[in-house]
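Read off the chains here:
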Amino acid sequence: MHTDDFTELLNPLNAAQREAVTAPLIPLLILAGAGTGKTRVLVHRMAWLIQSGQTRPHNLLALTFTNKAATELQNRIGRLLNNPASGLWAGTFHGIAHRLLRIHWADANLPQSFQILDSDDQLRTIKRVVRALQLNEKTWIPKQIQSFINKQKEQGLRANHVVAGDNTWLRQISIIYAAYEEICQKSGLVDFSELLLRTYEMLRDNPEILNHYRYRFQHILVDEFQDTNTIQYLFLRLLAGQHNHLFVVGDDDQSIYSWRGANIANIQQFPQDFPKTRLIRLEQNYRSTQTILAVSNALIRKNKERLGKELWSEGDKGVPVTLYRAFSETDEASFIVHRIQQWKGQYSDIAILYRTSAQSRVFEEQLLVKGIPYRIYGGMRFYERAEIKDALAYLRLIKLRNDDVAFERVINTPKRGIGEKTLEQIRSQARRHGYSLWQATLSLINEQGLNTRSINLLQAFLSHIEQLTEQTQSLSLARQVKYIIDYSGLIEHYQKEPKEEAQRRLENLDELITAAHQFTDSGKDGLDPLTDFLAHAALESGEGQANKFDDCVQLMTLHLSKGLEFDTVFLCGLEEDLFPHQNSIKEGNLEEERRLCYVGMTRARHHLILSYTESRYQYGSRISCRASRFLNEIPRELLEETRLCTPTTPVYEFLTSPTLIAGQRVKHEKYGEGIVLGLEGEGNLTRIQIQFLKTGLKWLVAAYARIELID
DNA sequence: CCGTTTTCGGTTTTT
DNA sequence: CCGAAAACGG
């Protein structure tokens, strides 16, 4: 495997990158600015360690935050080495933690078939706990409790670690936390933060296991280090011990997830915790024009809490950064859409970035009207949809009878006449005896502690699950999934919904079967395929981050844009109280808002267009806005203000012809052929819902829609 | 047990 | 204002 010829490995690197890649085996902290080749450095470092004979893929552990990043690392290292680099572990913190728990489930005090709770499952569980403790949900708000619990876990704190003192609020909330912990433990359920905490504790308390992994993972590489939370950092320190080699890459200026527990202090703390750390800065940017970098640098320089870094480029000065001042959010959108219409390149090279997802609506409306293809990122993901979670709940119950969350989800879905009253009796039975809901139901049936009707219904439900378990026992994964969907009654259940909705749900269920079919069971660590698939559904809930397969204008929040780049970036809504957001101003998180703005700006390769509006519709009333303070922090000479170049008020035409009725076949120049499903509104506000054969369901404004009727 | 009325909250969301 | 979720009512 190793050779003395490193030209291919080192040639594509600049001096700083090369220094990082070839640095000796000491703790390394690489401060990599936006667009400075951070992934490249990570990949080349691994390749260097292997090719120089210092280590084998087997001894490497690479940690990321997103599955996308993990896959990219894995692929790029494979390409660079001309070898899939098996033996190398590259994954998200959660993914790796999960993998360790699957292997060492017994030492982690978990059942072998433990299941993962996503945030939605977690919230439902907390609601149940609050109700079980007979607390008022208005005072003990489940969302707040969820965030409290996660914050504790992210710091490595269990319920019994919370020091309440005479703080009654804290005391009550830690009682809820403890009750939640108990339910999860009884049911064999692990939430996202628990994956990390449990793994940390398991390693800490089992020296022989810890030593085994310390011996194995002699090199630990971390991507996006600025996003690590406390428990992740503790995990790293524990695993690295005194002798292993940490190589962490991050950018304090791009830390935008503190509200999820990310702790920038980890970067500052690193050199102290790991003596002899070498800090290397990557500052040469290969993405943006000098002008864009000048603007971005000027902005981020206003932050006080930073290690300091200044991006530079050998590239062109480029065109000035543009600022547009609009009258209203509609005007802002028309301006941007108009500019997009003049664009000669690919739509997918354009991004519209905004602070809050609510801002996307105006853009969507106008892009739709103009027939410009677009894609909005964020929102409901595949594995988060109700119908998918229902199907998964059946599968979970098959694997793990005690999974209370799955039980609650499907006990009366589809409707089988088991109402809230019966369910409440099951819950109280469970509480009394410390049973799971499944066990409680069994015991209620045995004791004949309910009316005959309920007993029969419950018995039928339990038998149903038992049967499904038996009948899917020897099937392949995809057949198992299909069997469950076909025989759970979910199809009939969803068919009762309005036909539009029903169809979508059934399509999604179909898609789940396809997903199961395509799911290549890693077979890692001897996991059975179904358990592996369920974990995959929870941990890789699908298309979170953007990928531009179709040629569409990309619309997303600034948070979602991190790590991406576009030729042209429209950064809109630069208004005080919106960006920086009023809540962040209130909570003193101004620097993070500024970093967010910096992240947005540094996404652009050639064109950066900033905009704000003087007034905006919010919560039903029009409010007037002031320009964001961030705009004042950019030197005037770097900005070019642009004026209105298109009439704001479009000329309406009445195109709604009486022949336009549901069922009418139509043709659109961009979307192709479709069928009118329905109309909504009046006059020039009429919107038509059309099912296009190729491009799917769309709402068009009749007054604009360039459609022709066909028979 | 379902459909309707009322209430409430509305920043960002890698896993 | 607008959508989701709880509360209500037949």
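In what follows, the structure referred to is the one given above.
Owing to the predicted nature of the structure, the values given are computational and were not obtained by experimental measurement.

Things to note about the overall build of chain A
Piece 1. On a plain count of helices and strands, chain A comes out with 28 helices and 22 strands.
Piece 2. Residue burial in chain A is summarised as follows: out of 711 residues, 54% are buried.
Piece 3. Across chain A, contacts joining residues at least 24 apart in sequence account for 74% of those joining residues at least 6 apart.
Piece 4. Only carbon and sulfur atoms are counted for the fraction: they give 49% of the accessible area of chain A, which is about 32500 Å².

Focus: the state of the cysteines
Piece 1. For the coordinates displayed, the defined rule picks out 0 disulfides.
Piece 2. For C625, which is in no disulfide, the shortest distance to another cysteine sulfur is to C572 and amounts to 12 Å.

Description of the nonpolar core
Piece 1. Counting 48 residues, the largest nonpolar core has Y383, L392, F407, F461, V481, L512 and F533 as the members making the most contacts within it.
Piece 2. Core analysis: the second largest hydrophobic core is formed by 43 residues, L63, L101, L197 and A538 among them.

What about empty space enclosed by the protein?
Piece 1. Scanning the model with the defined rule gives 1 cavity of 30 Å³ or more in all.
Piece 2. Looking at the largest cavity, its volume works out to about 40 Å³.
Piece 3. Every residue along the wall of the largest cavity is listed here: I26, L28, R45, L49, H219, L221, H245, L246 and F247.
Piece 4. Looking at the lining of the largest cavity, the elements with two or more residues in it are α3 (38–51), β6 (219–222) and β7 (245–250).
Piece 5. In terms of residue count, the dominant contributor to the lining of the largest cavity is β7 (3 residues).
Piece 6. In terms of residue class, the lining of the largest cavity is made up of 6 nonpolar, 2 polar and 1 charged.

Quick look at helix α24 (residues 529–539)
Piece 1. Most of α24 is tucked away, with 10 of its 11 residues classed as buried.
Piece 2. Turning to α24, its buried residues are L530, T531, D532, F533, L534, A535, H536, A537, A538 and L539.

A word on the protein's contact with DNA strand B
Piece 1. Looking at DNA strand B, there are 28 residues lining it, with R260, R355, S357, R381 and K415 nearest.
Piece 2. What you see for DNA strand B is that sugar and phosphate hold 51% of its atoms within 4 Å of the protein.
Piece 3. N67 has a polar side-chain atom sitting 3.0 Å from a phosphate oxygen of DNA strand B.
Piece 4. Taking W259, its side chain carries an N or O atom lying 3.3 Å from a base oxygen of DNA strand B.

Side note on the packing of helix α21 (residues 477–487) against α24
The relative placement of two packed helices comes down to the angle between their axes together with the axis-to-axis distance.
Piece 1. It is the contact of α21 with α24, at a shortest axis distance of 9 Å, that shows an interaxial angle of 70°. If you check the angle between α21 and α24, you find them roughly perpendicular. Touching L477, Q480 and V481 of α21 are P529, L530 and F533, all from α24.
Piece 2. Grouping the constituent residues of the contact of α21 with α24 by class yields 5 nonpolar, 1 polar and no charged.

Quick look at the pairing of strand β2 (residues 60–64)
Piece 1. Burial of β2 is extensive: 5 of the 5 residues sit out of reach of the surface.
Piece 2. Side chains L60, A62 and T64 of β2 all project onto a buried face; the interleaved residues L61 and L63 project onto the opposite face, where all are buried too.
Piece 3. Relative to β6, β2 runs parallel, the two being bridged by 4 bridges. The residue bridging L63 from the neighbouring strand is V222, located in β6.
Piece 4. With 4 bridges joining them, β2 and strand β3 (residues 89–92) adopt parallel strand pairing. Directly across from A62, in β3, lies its bridge partner A90.

A look at the protein's contact with DNA strand C
Piece 1. The environment of DNA strand C is formed by K127, Y619 and G620.
Piece 2. Among the atoms of DNA strand C close to the protein, meaning within 4 Å, 50% are from sugar or phosphate groups.
Piece 3. One of the side-chain nitrogen or oxygen atoms of K127 is found 3.4 Å away from a phosphate oxygen of DNA strand C.

Some remarks on the sheet that holds strand β8 (residues 278–282)
Piece 1. Reading across the sheet, the 6 strands line up as β3-β2-β6-β7-β1-β8 and stay open at both edges, with parallel pairing between neighbours. The open sheet terminates on both sides in strands that have one partner only, identified here as β3 and β8. Neighbour to neighbour, the strand axes of the sheet diverge by 15° on average, direction disregarded.
Piece 2. Bridge count for strand β1 (residues 28–32) against β8 is 5 bridges, and the pairing is parallel. Each residue of the ladder has a partner; that of A32, found in β8, is L282.
Piece 3. Lying on the sheet, helix α5 (residues 93–103) is in contact with β2, β3 and β6; it crosses β3 at an angle near 115°.

Let's talk about the packing of aromatic side chains
Piece 1. As enumerated under the stated definition, the model contains 19 aromatic pairs in all.
Piece 2. Ring centres of F6 and W48 lie 4.8 Å apart, and the angle between their planes is 55°; this geometry places the pair in the tilted category. With F6 in the segment before α1 (7–10) and W48 in helix α3, the pair connects residues that are 42 residues apart, well separated along the chain.
Piece 3. Look at F6 and you get buried, because its relative accessible area is 18%.
Piece 4. For the ring pair F519 and F533, a centre distance of 5.3 Å and an interplane angle of 65° mean the geometry is edge-to-face.

Focus: helix α2 (residues 15–22)
Piece 1. Within α2, burial applies to Q17, A20 and V21. On an axial view of α2, the arc spanned by its buried residues comes to 95°, and they lie on one face.
Piece 2. Buried residues along α2 sit in contact with α1, β1, α3, β7 and β8.
Piece 3. Measuring from the side-chain oxygen of the N-cap residue of α2 to the backbone nitrogen of A16 gives 3.1 Å; that N-cap residue is N14.

What about the pairing of strand β15 (residues 615–618)?
Regular strands place their side chains on alternate faces of the sheet.
Piece 1. One ladder, built from 4 bridges, connects β15 with strand β16 (residues 621–624); its direction is antiparallel. Opposite S615, over in β16, you have S624 as the bridge partner.
Piece 2. Count of turn residues in the β15/β16 antiparallel hairpin: 2 residues, of which Y619 carries a positive phi of about 50°.

Structural notes on the sheet that holds strand β14 (residues 604–613)
Piece 1. Pairing is parallel across the open sheet formed by 7 strands, whose spatial order is β11-β12-β10-β13-β14-β9-β17. Taken across any chain shown, the strands that pair with only one partner, and hence form the sheet edges, are β11 (374–376) and β17 (639–642). Going across the sheet, the axis of each strand differs from the next one's by a mean of 25°, ignoring polarity.
Piece 2. One ladder, built from 3 bridges, connects β11 with strand β12 (residues 553–557); its direction is parallel. Looking at β12, one finds that R375 is bridged to Q554.

Comments concerning the side chain of D223
Piece 1. Looking at where D223 falls in the secondary structure, it is placed in the loop between β6 and α11 (230–240).
Piece 2. Setting aside anything within four residues of it in sequence, one finds D223 in contact with K38, L42, L63, T64, F65, A69 and V249.

A look at the layout of surface pockets
To locate leftover empty space, one rolls a probe as large as a water molecule over the atoms.
Piece 1. Each pocket or cavity is described by its volume, and for the second largest pocket that value is around 460 Å³.
Piece 2. Residue lining of the second largest pocket: 20 residues in total, with R128, A132, I183, R427 and R431 positioned closest to the centre.
Piece 3. Within the lining of the second largest pocket, the residues separate by chemical class into 8 nonpolar, 3 polar and 9 charged.

Cut-offs and rules
- Residues numbered from 1 in each chain as written.
- Chains lettered and ligands numbered in written order.
- Predicted model: local features only at pLDDT ≥ 70, side-chain atom pairs only at ≥ 80, totals over all residues.
- Heavy atoms only, no water.
- Helix = DSSP H or I, 4+ residues; strand = E, 2+ residues; numbered from the N terminus.
- Buried < 20%, exposed > 50% of the residue type's maximum accessible area, 1.4 Å probe, protein only.
- Contact = heavy atoms within 4.5 Å.
- Areas by Shrake-Rupley, 256 points an atom, 1.4 Å probe, with all protein chains shown as cover.
- Disulfide = S-S within 2.5 Å.
- Core = buried A, V, L, I, M, F, W, Y, C linked by side-chain atoms within 4.5 Å.
- 1 Å grid on protein atoms, 1.4 Å probe; cavity = no way out; pocket = protein on both sides within 12 Å on 5 of 7 lines; lining within 4 Å.
- Points joined across faces, edges and corners; volume = space filled by probe spheres on them.
- Nonpolar A, V, L, I, M, F, W, Y, C, P; charged D, E, K, R; others polar.
- Near = heavy atom within 4 Å.
- Polar contact = N/O pair within 3.5 Å; in protein donor to acceptor, adjacent residues only side chain to side chain.
- Axes fitted to C-alpha atoms, helices over the stretch in contact; angles between N-to-C directions.
- Parallel < 35°, antiparallel > 145°, perpendicular 65-115°, else oblique.
- Pairing = 2+ DSSP bridges.
- Phe/Tyr/Trp six-rings, centres within 6.5 Å; stacked < 30°, edge-to-face > 60°.
- Arc of directions from axis to C-beta.

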